[in-house]
Amino acid sequence: MNTFTRYSVFLLLFAGLSVPVRAGNPKGFKDFFKKKETVAETAAPSAVTAHFNLGKSFHIVASHEDKEGMQAARKIDAFLQTKGVHAEVTNVKARRNIIVQQVQSIPTVAPEIQDAYLVEVSKNQVLVRFTSPLSAVWAYNAFVSLYGQRDNVLSKITKKNKNYLKGDRLIATQGEEGDSDVVDFTKQEGADVARAKAVIDQCKKNDILSVYLVFVSGQGWKVESDVMKLVNPFDNLCASGGFDYRSVNEIGDYAADNGVTVIPVFDFVSEDNPCFLQFTGHPVHSVEGLRFSRAFLDEFCKRTSFETVSLGRKVDDEEIRRKYVVPLVEVLEKHGRKAVLY
């Protein structure tokens, strides 16, 4: 085949290429060969295809003001170090970054959903975002699930594995079972600080970032409260034993020192709470019941330093949310605390 023939074939082949165009703005040669930009934060899932090479230099970026984000960033760093990957955890971006943040909302997820996360992997950037301590656990596990190693002849000879994160975009409002522990102290006899610390140790061993400790439920009450004693001074609120505020703070401090977030749970969302009714003489979902639960939360916030407090499990009844959940959230927010339902 002579030079003219080869050139003619090339032109015919090139003419047959299907090049997407926009109305009124056809792409030319320069646009067709233009280098694609890094996938943006709002990119569609199909656009995120490139793996993130962990063998090249990068930073793990989190803000010092973002406590949950920084904690998750350090957890990611610890995981990567076990794989022989070393990076700097910092608030300064490099050319390539793993960015970890707690945010108010996640794209495509309804704003009223409290627990959601996004993990997005592209060639030069990984976004790890979550809206709550619980979804931080899910995001971490999703991140770990995208880790991989290329095992080939060259890597075996050099004894170096090519570590990478699979290019993907994951958005979810739930995680795998066992991602987070919920330990119900109200079902246990006594109030054992050593037992609580053992739970935290087990969480750390299993890479669990958050643990929900149930102190108040329909089964019982596990926090000694001065304000509640005023409600009924002739009865024992913590019939099976309760933690005083010094012990509650000790548990929280021990968890923080070990990289685990404790979220105390006071279940004032469930309407069926015989323990509350027996002690106060009023249903938890009543005007007087709300007054007592508000007073207790106010005292708890003044005597402890937990940043996040759970009011129980999620509830779909809008009337219950409006009448009995929102007023409790307002008490917590007044003290600068975050309220969650799990």
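What comes next is a walk through the structure. (Residues numbered from 1 in each chain as written. Predicted model: local features only at pLDDT ≥ 70, side-chain atom pairs only at ≥ 80, totals over all residues. Heavy atoms only, no water.)

A word on a negative patch on the surface. Taken together, the side chains of Glu271, Asp272, Asp316 and Asp317 make up a negatively charged region of the molecular surface. Among the secondary structure elements, glutamate 271 is positioned in the loop between strand E13 (261-266) and helix H9 (274-280). Residue classification places glutamate 271 among the exposed positions, given a relative accessible area of 57%. (Patch = residues over 30% accessible without salt bridge, like charges linked within 9 Å, V, L, I, M, F, W, Y side chains within 5 Å. Areas by Shrake-Rupley, 256 points an atom, 1.4 Å probe, with all protein chains shown as cover. Salt bridge = Lys/Arg side-chain N within 4 Å of Asp/Glu carboxyl O. Lys, Arg positive; Asp, Glu negative; His and termini not counted. Charge placed at Lys NZ, Arg CZ, Asp CG, Glu CD. Helix = DSSP H or I, 4+ residues; strand = E, 2+ residues; numbered from the N terminus. Buried < 20%, exposed > 50% of the residue type's maximum accessible area, 1.4 Å probe, protein only.)

Moving on, we come to unusual backbone geometry. Non-glycine residue threonine 108 carries a positive phi angle of around 75°. Tracing the backbone through its elements, the reader meets threonine 108 in the loop between strand E4 (97-102) and strand E5 (117-121). Overall, the relative accessible area of 75% leaves threonine 108 in the exposed class.

Scanning the model with the defined rule gives 11 salt bridges in all. A salt bridge links glutamate 307 to lysine 67; the nearest nitrogen and oxygen atoms lie 3.8 Å apart. Taken together, the residues span a long stretch of sequence, with glutamate 307 in the loop between helix H10 (287-303) and strand E14 (308-310) and lysine 67 in helix H3 (residues 67-82) at a distance of 240 residues. For lysine 67, a relative accessible area of 44% corresponds to the partly exposed category. Ionic pairing is found between lysine 314 and aspartate 115, a salt bridge with its closest N-O pair at 3.5 Å. With a gap of 199 residues between them, lysine 314 in the loop between E14 and helix H11 (318-334) and aspartate 115 in the loop between E4 and E5 connect regions that are remote in the sequence. Owing to a relative accessible area of 44%, lysine 314 belongs among the partly exposed residues under this scheme. Residue class for aspartate 115 comes out buried when judged on its relative accessible area of 1%.

Turning next to the nonpolar core. Buried together is how nonpolar side chains tend to be arranged in soluble globular proteins. In terms of nonpolar packing, the biggest core is built from 49 residues, with Trp221, Phe266, Phe268, Phe296, Leu297 and Leu311 touching the most fellow members. Breaking this core down by element, the ones donating at least two residues are helix H6 (193-205), strand E11 (210-217), helix H8 (245-257), E13, H9, H10 and H11. Leave out the neighbours within four places in its chain, and phenylalanine 296 touches Trp221, Val223, Ser225, Val227, Met228, Tyr245, Phe266 and Phe268. Formed by 39 residues, the second largest nonpolar core is a distinct cluster that contains Phe52, Leu54, Val137 and Leu146. (Core = buried A, V, L, I, M, F, W, Y, C linked by side-chain atoms within 4.5 Å. Contact = heavy atoms within 4.5 Å.)

This paragraph deals with the state of the cysteines. What the rule picks out here adds up to 0 disulfides. Sulfur of cysteine 238: no disulfide; nearest cysteine sulfur belongs to cysteine 275 and is 8.2 Å away. Judged by its relative accessible area of 3%, cysteine 238 falls in the buried class. (Disulfide = S-S within 2.5 Å.)

For H6, built from 13 residues, the straight-helix expectation of 18 Å at 1.5 Å per residue is met to within 8% by its first-to-last C-alpha distance of 19 Å. Within H6, burial applies to Val193, Ala196, Val199, Ile200 and Cys203. Angular distribution of buried residues about the axis of H6 spans 115°; they occupy a single face of the element. The outward face of H6, more than 90 degrees from its buried face, is lined by the exposed residues Ala194 and Lys205. If you follow the buried residues of H6, they end up packed against strand E10 (181-184), E11, H8 and E13. At the N-terminal boundary of H6, the capping side chain belongs to aspartate 192, with an oxygen 2.9 Å from the backbone nitrogen of alanine 194. (Expected span 1.5 Å × (residues − 1). Arc of directions from axis to C-beta. Polar contact = N/O pair within 3.5 Å; in protein donor to acceptor, adjacent residues only side chain to side chain.)

Inspection of the entire model under this criterion finds 17 aromatic pairs. Look at phenylalanine 185 and phenylalanine 243: their rings are 5.4 Å apart centre to centre, the planes differ by 40°, and that puts the pair in the tilted class. In this pair, phenylalanine 185 sits in the loop between E10 and H6 while phenylalanine 243 sits in the loop between helix H7 (226-231) and H8, placing the two residues 58 residues apart along the sequence. Note on phenylalanine 243: relative accessible area 3%, which makes it buried. (Phe/Tyr/Trp six-rings, centres within 6.5 Å; stacked < 30°, edge-to-face > 60°.)

Reading across from one edge, E1-E8-E7 is the order of the 3 strands in this open sheet, with antiparallel pairing throughout. Edge strands, defined here as strands with exactly one partner in the open sheet, are strand E1 (52-53) and strand E7 (147-150). Examined bridge by bridge, E7 and strand E8 (residues 162-165) share 4 bridges and lie antiparallel to one another. Directly across from glycine 148, in E8, lies its bridge partner tyrosine 164. (Pairing = 2+ DSSP bridges.)

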